[in-house]
Every structure is written in structure tokens, then in C-alpha cells.
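Overview (structure and organization)
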Amino acid sequence: MQKVKVVQFGIGGWGWHFFENALATWPDSDYAYEGAIDPNARQSPIYDKLLQLGIPVYESPEAFYSEHQADLAVITASLPAHCPMTLLALSHGSNVLCEKPAAGTLHDVDLMLEAAQKAGRFVAINFNRCYAPASVNAKRDFLAGKFGRPKRFRIRSICGRDDSYYFRNYWSSRILDINGEVVLDSVLCNGTSHELQHALFMQGARLDAAACPVAFRADLLRANPIETFDTCVLDARTDAGAEVLCYVTHATDYTEFPVYDYEYENACLRYNRGVWGDDLIAFMKDGSVIHYGEAFPDGTRTMKLCARAILNKTQPVCGLKASRVHVLTINALADYAHVSGFPACDIKRDEAKKATTVPGLGEKMVQCYDDCCLLSDKGYYALKPAEWTDISAYSGYLGGRF
Ligand SMILES: NC(=O)c1ccc[n+]([C@@H]2O[C@H](COP(=O)([O-])OP(=O)(O)OC[C@H]3O[C@@H](n4cnc5c(N)ncnc54)[C@H](O)[C@@H]3O)[C@@H](O)[C@H]2O)c1
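Residues numbered from 1 in each chain as written. Predicted model: local features only at pLDDT ≥ 70, side-chain atom pairs only at ≥ 80, totals over all residues. Heavy atoms only, no water.

**A word on the side chain of Asp-185**
Put simply, the test is: Secondary structure is summarised from DSSP: a helix means a run of H or I of at least four residues, a strand means a run of E of at least two, and numbering begins at the N terminus for each. The buried label applies to any residue whose accessible area, calculated with a 1.4 Å probe on protein chains only, is under 20% of its type's maximum; exposed applies above 50%, and partly exposed to all values in between. Residues scored as positive are Lys and Arg, those scored as negative are Asp and Glu, and His as well as the terminal groups of each chain are ignored. When a carboxyl oxygen of Asp or Glu lies within 4 Å of a side-chain nitrogen of Lys or Arg, that pair is called a salt bridge.
You can see Asp-185 is positioned in the loop between helix H8 (163-166) and helix H9 (193-201). Within the buried core, Asp-185 has no salt-bridge partner, and the shortest N-O distance to an opposite charge, that of Arg-168, equals 5.4 Å.

Next comes the structure, spelled out in C-alpha cells:
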């Protein structure tokens, strides 16, 4: 069987885990690794294993492409590399599967879109939950009119992180990386981006489209000494006429699985692992229930889907156009929203665990989730009432810094 030739950009950090997972499913897949690229390749824990497997490792893309060709470039490199490496891979004729978020700015996403069109190749963004058959089948039912109009979509992700997360590289939780590139990295840009993207994707007007926020109000907070925010409650209106309420934080000392609650006119689509296991379920107004199945596939599954898309000459469902709305939201927050510090009396520093958290925050987020309101609506953390901002004409990052 013909196999799709894959090159992976970035084999440290997340790229290392990605490679390990991908190799574990090898060799009975539609793809075969042609090589790996990382300027710091020798520091990767997987470097020796790749050499043992005979997978060539290069320190630059130019060196790789001078000797090889790849049908698919998987970009698990640092966020500031997403746009330049995508452009480079496209220019060498590769399709691209790029990690989320697509890029730091809308301007970069648009450059990537233009380059993909010119090259006649696809760029898929690895919001892996959007590609899950459960999500795709539920979305097909929505598009067929089964659920009715989207009304209110709530998402929650309480996902505790310690210092090793914020200070692991040169771009995490920064506005600009150390080279001055705009990254606007935050809890919503990265760790919990899947949740926002999924909510927007599941109300998109086509299978490969996502709804776009047209107005928002938000509480953005930080407990950690970072440039952006580690806690966000966002209330957004979308061009699909729905409300998205998003509750995400890293400033807790525990993690719970994300919870999704999507209300449509005639159905409620829900995911809550603690209650129903790993199953996306539609509770229909007429009392019937539809089980869509596994909602959280591992990230490498998207690579298999992309390989199949290349073989079958189809397009992955969550490409740059659908993922653009996530970057648009992150950019608009930077331009129009304000980040508050948690009051010092609410912050706890644990030197042994190297973690800065806000005890009780998780419970307050759950309460606000249940009551469909912001932290500021309840007067928590001395927050000023959040005001609505119209972003229906927003077209790109203006240089705001929260
Ligand atoms: N899908 C998920 O669930 C998930 C989880 C974690 C991280 N991620 C994403 O994966 C990406 C990498 O995250 P990270 O925390 O490992 O980042 P990182 O910056 O800590 O490490 C990335 C690796 O990329 C390499 N790299 C940098 N520039 C490169 C280039 N031009 N070409 C090739 N390699 C290059 C670095 O040397 C490093 O080994 C980010 O986009 C992140 O958002 C996704």
C-alpha cells in the first residue's frame, strides 16, 4: 500500500509525546516517517530512538527538503514557528498538520491561508476534538437540522498548572516571544483552546466552518507572574446567533476533565466524563438520546486522518478557515480586554510544588458556569463589571496588550 510520507517539525516538548504516540501505532498506518526536523534535535529524549529506527533527523528544514520530499508536514514546533514553518512546508509541496493555535496573529493566519491556496495543499490545525467522529457526526446532525438553532454553548476547563508550564520555553504566557514575535499566549490561546474552538466549530454553518464571535465581554485574571492571563471567563455572541460562555483557568491546584454543554433549540449536546464517561451525547427535546461516542481522541489520530485525506484527495474538517476564529478571539481580547490581578489575599504560593494558585477559584468557576454568568457579575475578586465590545468588523491584531 502506498504510504503518505511525513516529516515532523519539532521533536522536543509536545513533539516528543506526539512522536512517541505516533510510533506506537506504527507500522500499520497510512503514513511513514520520512524524517524529523528540530534545531535542538539532540536535546530531544527521542533523538536516539529515531536514529535507531533509521528516521533521519535534521536541524533545519532546508537540509531536510534538499534530500527528501514529504506529503505531510506535521508542525509540533514552538508557536512562533507555526506560520514560518507552514509557509516553508507549503512551498516544498507538503500538506500541513499544524498544532494549535494556528498562529499568534490573524495576519499570520491569513498569510498561511493565502499560501495554502496558492500551493493547492491543505493546512489542518490540530484541534483534535473537532476531528473526532463523535463531533463530526453530531455536527452532521446539526447541519441536517436535527438540533435546531444553536442557542447557548457553555464550556469549562479547570486545568491546574505549575511553574514548569509557564517557564518551559521562550514564548509561553508571553505577549511577545524573546525575539519580539507576537504570540499572545495564555490559558485560552493554548492549554484550553480546544474548548473554545470546539464550541465555535460545533455551531459552524458548514462541516468545515466555525462560527465567529461578533461581540464579547470577559473577565481576564492572572495569579501567576506572567504577561497575559491564567484565568478567563468569556461571554461571546457569535454570527450564528448563539452565546458562548467559556470558563477556563490554570490557577488551581487540581485538574478536572473539560465539560461541554451545548444548548440548541431541540437538543442539548453534552460531554461530562465524570458523569457519562468519554461519550458525546445529545439529549433530544422529545426525550430520545443519541450517543455519538468517544469525544477526546489522542492528538496523533489527526495525523492518520490527514494521511487518509491525502490518499483520498479530501480536506480535513478543521482547517485554517475554521481555526481562524480562535486566533481572532485571542487577538480581540488582547486589543480590547483588560487583565486584572487576583487580590493578593486570594493567591497561594506553594514553594514545594512550585505552584501559584487561587484556592476556591474552581468552585467559583463552577458556580458561575451553573448560573451562566461572569465572575464579575457576582462581584468576585473586586472585578469591575465587564462591558460588551462589538468586534463584528474586527479584522486583525492592532497591537493592544491586554
Ligand atoms: N494538541 C495538544 O494537545 C497540545 C499539547 C501541548 C502542546 N501543543 C502545541 O504543540 C506546540 C509545541 O509546544 P511545546 O510546549 O512543545 O513547545 P516548545 O517551544 O517547548 O518546544 C517545541 C520544540 O520545537 C522545536 N522548534 C522550535 N522551532 C522550530 C523550528 N523552526 N523547526 C523545528 N522545530 C522547532 C524546539 O526546539 C522544541 O524542541 C505548540 O504549538 C503547542 O501549542 C499541543
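**Some words on the environment of Ser-172**
Note the threshold: The term polar contact refers here to a pair of N or O atoms within 3.5 Å; inside protein, the definition further demands a hydrogen-donor-capable atom paired with an acceptor-capable atom, and it admits residues adjacent in sequence only when both atoms are side-chain atoms.
Mapped onto the elements, Ser-172 comes out in the loop between H8 and H9. Distance in space between the C-alpha atoms of Ser-172 and Lys-139 is 33 Å, their sequence separation being 33 residues. One polar contact links Ser-172 to Ser-173, side chain to side chain, over a distance of 3.4 Å.

**Side note on the site of the ligand**
Quick note on the threshold: Here a residue is considered near a molecule or strand provided that any single heavy atom belonging to it is located within 4 Å of it. Using a 1.4 Å probe, the Shrake-Rupley method yields the accessible areas, and only the shown protein chains count as cover for residues. By the convention adopted, Pro, Cys, Tyr, Trp, Phe, Met, Ile, Leu, Val and Ala count as nonpolar, Lys, Arg, Asp and Glu as charged, and the other residues, Gly among them, as polar.
Around the ligand sit 22 residues, and of these Trp-14, Asp-38, Asn-40, Ser-78 and His-82 come closest. Asn-40 has a polar side-chain atom sitting 2.7 Å from an oxygen atom of the ligand. One of the side-chain N or O atoms of Asn-190 is found 2.9 Å from an oxygen atom in the ligand. When the ligand is considered free in solution it has 860 Å² of accessible area, and contact with the protein chains removes 84% of it. Mapped onto the shell around the ligand, the elements with two or more residues apiece are helix H1 (13-24) and helix H4 (82-91). Here the residues of the shell around the ligand sort into eight nonpolar, 10 polar and four charged.

**With respect to the domain arrangement of the chain**
What counts here: Segmentation into domains, and thus their bounds, comes from an automatic or database assignment. Only heavy atoms matter for contacts: two residues are in contact if any of them lie within 4.5 Å across the pair. Values labelled buried area give the accessible surface lost by two parts on being combined, using a 1.4 Å probe and summing over both.
We note that the domain assignment places domain 1 (4-127) and domain 2 (129-296 + 319-390) within the chain. For domain 1 and domain 2, the distance between their C-alpha centres works out to 27 Å. Counting residues at the interface gives 20 residues for domain 1, matched by 25 residues for domain 2. Around 2000 Å² of area is buried between domain 1 and domain 2 when both sides are counted, 67% of it from carbon and sulfur atoms.

**Here we look at the packing of H9 against helix H12 (residues 320-336)**
Using the following cut-off: Fitted lines through C-alpha atoms give the axes, limited to the stretch in contact for helices. The angle between two N-to-C directions lies from 0 to 180 degrees. The scheme is simple: roughly parallel for angles under 35 degrees, roughly antiparallel for over 145, roughly perpendicular for 65 to 115, oblique for anything else. Note on convention: near helix rotated counterclockwise from far helix by under a right angle means a left-handed crossing. Clockwise means right-handed.
Two numbers describe how H9 lies on H12: the axes approach to 9 Å, and their chain directions differ by 125°. One finds that H9 runs oblique with respect to H12. When you trace H9 past H12, the crossing you get is right-handed. Facing Ser-193, Leu-196, Gln-197 and Leu-200 of H9, the residues of H12 in contact are Ala-322, Ser-323, Val-325, His-326 and Thr-329. When grouped by side-chain class, the residues that make up the contact of H9 with H12 number four nonpolar, five polar and no charged.

**Things to note about H1**
Our working definition: By definition here, a helix of n residues has an expected span of 1.5 Å times n minus one. Regarding the arc, it is the one traced by the directions from the helix axis to the C-beta atoms.
For H1, with 12 residues, the first-to-last C-alpha span of 17 Å sits near the 16 Å given by 1.5 Å per residue. Within H1 the residues assigned to the buried category are Gly-15, Phe-18, Phe-19, Ala-22 and Leu-23. Each buried residue of H1 sits inside an arc of 125° when the element is viewed along its axis, so together they form one side. Exposed side of H1, more than 90 degrees from the buried face: Gly-13 and Ala-24 are the residues found there. As for H1, its buried residues are in contact with strand S1 (4-9), strand S2 (31-37), helix H2 (47-52), strand S4 (72-75), strand S5 (95-98) and helix H11 (301-312).

**Regarding the packing of aromatic side chains**
What counts is decided by this rule: Think of it this way: a Phe, Tyr or Trp ring, Trp meaning its six-membered ring, pairs with another when their centres are within 6.5 Å, and the plane angle makes it stacked under 30 degrees, edge-to-face over 60, tilted otherwise.
Tallied over the entire structure, the rule returns 21 aromatic pairs. Measuring from ring centre to ring centre gives 5.7 Å for Tyr-58 and Phe-64, while their planes differ by 80°; the resulting arrangement is edge-to-face. Across this residue pair, the class does not change: Tyr-58 and Phe-64 are buried. When the centroid spacing of 5.5 Å and the interplanar angle of 80° are considered together, the rings of Tyr-165 and Tyr-166 count as edge-to-face. We note that Tyr-165, like Tyr-166, is buried. Here the aromatic residues Phe-142, Phe-147, Phe-153, Phe-257, Tyr-260, Tyr-262, Tyr-264, Tyr-271 and Phe-296 are joined through ring pairs into a cluster of three or more.

**Side note on the sheet that holds strand S3 (residues 57-58)**
What counts here: In this description, strands pair whenever DSSP reports at least two bridges between them.
Strand order in the open sheet formed by six strands is S3-S2-S1-S4-S5-S6, and the pairing between neighbours is parallel. One side of each edge strand has no neighbouring strand; the edge strands of this open sheet are S3 and strand S6 (123-125). Of the pairings in the sheet, the one linking S2 to S3 comprises two bridges and is parallel in character. Across the sheet, Ala-36 pairs through a bridge with Val-57, a residue of S3. Here H1 sits on the sheet and contacts S1, S2, S4 and S5; the angle it forms with S2, its principal contact strand, is near 155°. Across the sheet, H11 touches S1, S2, S4, S5 and S6, and the angle it forms with S4 is around 160°.

**A word on the pairing of strand S8 (residues 213-222)**
For S8, a buried count of eight out of 10 residues is recorded, marking the element as mostly surrounded by other parts of the structure. Both S8 and strand S9 (residues 231-238) contribute to a ladder of eight bridges, which runs antiparallel. When the sheet's bridge partners are listed, Arg-217 is paired in S9 with Asp-235. Where S8 meets strand S18 (residues 389-390), two bridges bridge the pair, whose relative direction is antiparallel. Within the sheet, the bridge partner assigned to Phe-216 lies in S18 and is Thr-389. One ladder, built from three bridges, connects S8 with strand S15 (residues 339-341); its direction is parallel. Its bridge partner lying in S15, Arg-222 is registered against Gly-341.

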